[in-house]
Number of protein chains: 2
Amino acid sequence: MAEYRLSCFAQSGNAYKAALHLQLAGCDWEAVFVDYFNGTTRTDAYRALNPMGEVPVLQHGDRTLSQSGVILDYLTETTGTFGPQGDDERREILRWLLFDNHKLTGYLATHRFMNTFMDGPDASVLTFLKQRAKAALGVLDAHLDGNDFALGGRPTIADLSMCGYMFYGDELGIDIDEVAPRVARWRDRIAGLPGWQHPYDLMPGHPLPPDPETERA
Amino acid sequence: MAEYRLSCFAQSGNAYKAALHLQLAGCDWEAVFVDYFNGTTRTDAYRALNPMGEVPVLQHGDRTLSQSGVILDYLTETTGTFGPQGDDERREILRWLLFDNHKLTGYLATHRFMNTFMDGPDASVLTFLKQRAKAALGVLDAHLDGNDFALGGRPTIADLSMCGYMFYGDELGIDIDEVAPRVARWRDRIAGLPGWQHPYDLMPGHPLPPDPETERA
């Protein structure tokens, strides 16, 4: 059994944040496939693992951790990578983790999910989410003016968190290159890190099986 | 000048999280009124203070901190109150801070804002936000079965963060007592802490001035 076990699936950018950290740090890890699209996260068994009903979940020794930001924080300690140097940097990372969860991933991921995986999403809700996502992208874009990464010259878990959904391309329904060109360049900078892999290569479950409804049609 | 200066306004539950910590810890602090409803957070001067354009902002000595979760974390250190004991508790607090920003405050506050302060909010968006907020309240409600506070027997910044919007009553458009009775009892437990004050008493800007549009009508 691998040292780290990550419950995840390919379409989850939140899981990707943790998977990418494990990958870039060269950890001995394995993916435990969570069949989200067939309801696994709503089962009692999964809720026992994570009462919040979300991926990712990291298992390491006798620890079980959820919330991508908690897992990233934990991995900075166990792997010695992508972490802060001192309390000021720790809080600066926390600032971006919170912004990511509240605003950036919060709206970008929800918009992408409805845009890509829902039948007949409500147009008003899509518009609402897109406006909020664009505003968050604008904040990050402005911050990256003169900064290669969130904390300046080197990548940290702030970047690994915020980039979680940035590689899903057209699924996002927002053209990052057009809306936030500095974010696009930062995304490409992360893709250039040694060992980087796309979420659809790094985690199981892609492509989705054909929709049985569509098959019958 | 007071030792701590908090940029805030009465209607912001995110600012209240920090104000309540300062209040309960007995700090020497003062509120700096941010006239959100007249556009202050969109001015260049405010963006220079916080490029994310949000309240709260805490100024302490030569530090300027934003994001409520960062401020709460900082205050655990400077005041020695509501903090973790050890790394496991620190991560458990972080788990709830992230859940709060992503899901609980993320949806509850946005729903309340549109429900209370927007003219003619889109009904589909309100429904979407309400469903998400109720799901998050359900997660917290289940967790509080047998726990007085997020970490068990004593209040921490996880509670101060998650309770940020819980005292706005009918403005929420969700009846917490009905939807999540354990959350309601936990909210009342927090209101019973020595020194507790309602956000409309603790921060400036309430009640809102009459809407000039309405005045003219």
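Note: the structure precedes this text.
What comes next is a walk through the structure.

Thresholds, definitions, all that
- Counting starts from 1 at the beginning of each chain's written sequence and moves along it residue by residue.
- The naming scheme follows written order: chains are lettered A onward, ligands numbered 1 onward.
- Since the coordinates come from a predicted model, pLDDT governs what is reported: local features require at least 70, and pairs of side-chain atoms require 80 or more to be given and counted, while whole-chain, interface and lining totals use all residues.
- Strand pairing is defined by DSSP finding a minimum of two bridges between the two strands.
- Helix and strand definitions follow DSSP, with helices as H or I runs of at least four residues and strands as E runs of at least two, each counted in order from the N terminus.
- To obtain an axis, a line is fitted to C-alpha atoms, over the contacting stretch when the element is a helix, and the angle between two such axes runs from 0 to 180 degrees between their N-to-C directions.
- Think of it this way: build a C-beta for each residue from its backbone, and any pair within 7 Å is a contact.
- Rotating anticlockwise by less than a right angle from the far helix to the near helix defines a left-handed crossing, while the corresponding clockwise rotation defines a right-handed one.
- In this classification, Asp, Glu, Lys and Arg are treated as charged, Ala, Val, Leu, Ile, Met, Phe, Trp, Tyr, Cys and Pro as nonpolar, and every other residue, Gly included, as polar.
- Crossovers are described as right-handed under a simple rule: with the strands pointing away from the observer, the path leading from the first strand over the helix to the second runs clockwise.

**With respect to the sheet that holds strand β2 (residues 29–33) of chain B**
Residue and element names in this part refer to chain B.
For step 1, the next point in the chain: If you walk across this open sheet you meet the four strands as β2-β1-β3-β4, and the pairing is mixed. Pairing within the sheet leaves two strands with one partner each, and these edge strands are β2 and β4 (63–66). Here the average twist between neighbouring strands, direction ignored, is 20°.
For step 2, the next point in the chain: Sitting on the sheet, helix α1 (residues 13–24) is in contact with β1 (4–8), β2 and β3 (57–60), with an inclination near 155° to β1.
For step 3, the next point in the chain: Contacting β3 and β4, helix α3 (residues 68–79) crosses the sheet at an angle of about 135° to β4.

**What about the packing of helix α4 (residues 87–117) of chain B against helix α5 (residues 123–143) of chain B?**
All names here are of chain B.
For step 1, the next point in the chain: Two elements in contact, α4 and α5, have axes whose closest approach is 8 Å; the angle formed by their N-to-C orientations is 140°. By crossing handedness, the relation of α4 to α5 is classed as left-handed. Note on element contacts: α5 touches α4 through V125, L126, L129, K130, R132, A133, A136 and L140, opposite K103, L104, Y107, L108, T110, H111, M114 and N115.
For step 2, the next point in the chain: Here the contact of α4 with α5 is composed, by residue class, of 10 nonpolar, three polar and three charged.

**A look at the pairing of β2 of chain B**
All names here are of chain B.
For step 1, the next point in the chain: Both β1 and β2 contribute to a ladder of five bridges, which runs parallel. Each residue of the ladder has a partner; that of S7, found in β2, is V32.
For step 2, the next point in the chain: Following the backbone out of β1, through α1 and into the adjacent parallel β2, one traces a crossover that is right-handed.

**Let's talk about the sheet that holds strand β1 (residues 4–8) of chain A**
Residue and element names in this part refer to chain A.
For step 1, the next point in the chain: Read from one edge to the other, the open sheet built from four strands follows the order β2-β1-β3-β4, with strand pairing classed as mixed. Each having just a single partner strand, β2 (29–33) and β4 (63–66) make up the two edges of the open sheet. Across this sheet, the average inter-strand angle for adjacent strands is 20°, counted without regard to direction.
For step 2, the next point in the chain: In this structure, strand β3 (residues 57–60) lies alongside β4, joined through four bridges in antiparallel fashion. Within β4, the residue paired with Q59 across the bridge is T64.

**Details of the interface of chain A and chain B**
For step 1, the next point in the chain: Counting residues at the interface gives 23 residues for chain A and 23 residues for chain B.
For step 2, the next point in the chain: A per-element tally of the side of chain A that touches chain B places helix α4 (residues 87–117) of chain A first, with eight residues.
For step 3, the next point in the chain: Its residues assigned to classes, the side of chain A that touches chain B comprises 11 nonpolar, eight polar and four charged.

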